[in-house]
Structure formats: structure tokens, C-alpha cells
Amino acid sequence: MSRNFDLGLLTASETAHARGIDNRADPAHLGNLRRLAFVLEEVQALIGHPLVITSAYRSPALNAAVGGVPHSRHALGLAADFTCPEFGSPLEVARRIAGSTIAFDQIIHEYGRWVHLGLAKEGETRRRQELTICSAAEGYVDGLVGCAPPA
């Protein structure tokens, strides 16, 4: 896919492995995964440290198993969740990406634990949406903000 982000990394899933779910990418999504890999290269170059990918492509079965929404960009090969502890907190990483010229559709600071980067579908206008979710009960809020530590 790219120098630092190969297909194995972008389809790896502990959940899929543990549950015996086939998470091979649909051939129709390989182009999306290639785009995603190149954007992740840009992110890694921007922040100057390796990204730790925790989730990227999700087959329909895996997406359902992890409770993903049916229209998830993960299921299209257009999203990745990651951290970069060598750079800073997920919030710091998200803010750095949001302040750059990287062509993202969504950047989400999720639960204070990781960054979600989503790309627009081919031909769609990028929204450059910045969101935070700290709890399912509270839902998404506009902007990149901190999450209070769990009580």
C-alpha cells in the first residue's frame, strides 16, 4: 500500500483473530486502502513519529462484531484509528492533524484514547469535520476537546 502501511497492517484486528472473523479486504476497497495508506504516511511525516494503528479496514462481519455503524468509513477502507505516544496524547495528535493541510474528511478524538481519521469517498467534498466523543451517553461534540478522566 505504502512504505510504512502495508495491507497486513491495515487489515489486522485482534477482534477478528479472537473471533475467527475473516477480515480480508474486499477487492473493491483496495484503492481506498491505498489512499488511506498515503494519507497515514502524511500524518506520520507531519508528527515525526510512528503511528500505532489499532483499527483500519473492517469487513462487514468485523464491523458488526465491534458495533460499528453500517456506513462506517472503516468498512470502506477509508478510516483508521491510531495513537502516537511518542508525539503526545490523542488530543494533541488530533489537533496537530486538524491544523495541517492533510486532506481528511473527519478527525475525531475518541474517548481520550485514540484518534479516528476518516477520508471522503472519491468525488465527495471533504468536510474537514473536527469532533470529540468522550462517552456514548454524551455523544459527539463539535471541536477537539479533552475528556475528563473516568470517575
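Residues numbered from 1 in each chain as written. Predicted model: local features only at pLDDT ≥ 70, side-chain atom pairs only at ≥ 80, totals over all residues. Heavy atoms only, no water.

Please give an account of the state of the cysteines that cites residues and values.
Within this structure, the stated rule accounts for 1 disulfide. At a sulfur-sulfur separation of 2.1 Å, the disulfide partner of Cys-134 is Cys-147. On the sign convention where negative is left-handed, the bridge of Cys-134 and Cys-147, at about -85 degrees about the S-S bond, is left-handed. Highlighted residues: Cys-134 in the loop between strand 5 (129-133) and strand 6 (140-142) and Cys-147 in the segment after strand 6, separated in sequence by 13 residues. The cysteine Cys-84 is free of any disulfide, with Cys-147 supplying the nearest cysteine sulfur at 18 Å. (Disulfide = S-S within 2.5 Å. Helix = DSSP H or I, 4+ residues; strand = E, 2+ residues; numbered from the N terminus.)

Describe in detail the pattern of salt bridges, supporting the description with residues and values.
With the rule as written, the count across this model stands at 6 salt bridges. Between Asp-22 and Arg-24 there is a salt bridge; the shortest N-O distance is 2.7 Å. Arg-35 serves as the salt-bridge partner of Glu-122, at 3.5 Å between the closest nitrogen and oxygen. On the criterion of sequence distance, the pair formed by Glu-122 in the loop between strand 4 (114-118) and strand 5 and Arg-35 in helix 3 (residues 30-47) is long-range, its members being 87 residues apart. According to the relative accessible area criterion, Glu-122 is exposed, its value standing at 65%. Through salt bridges with shared partners, a single network forms among Arg-73, Asp-105, Glu-124 and Arg-127. (Salt bridge = Lys/Arg side-chain N within 4 Å of Asp/Glu carboxyl O. Buried < 20%, exposed > 50% of the residue type's maximum accessible area, 1.4 Å probe, protein only.)

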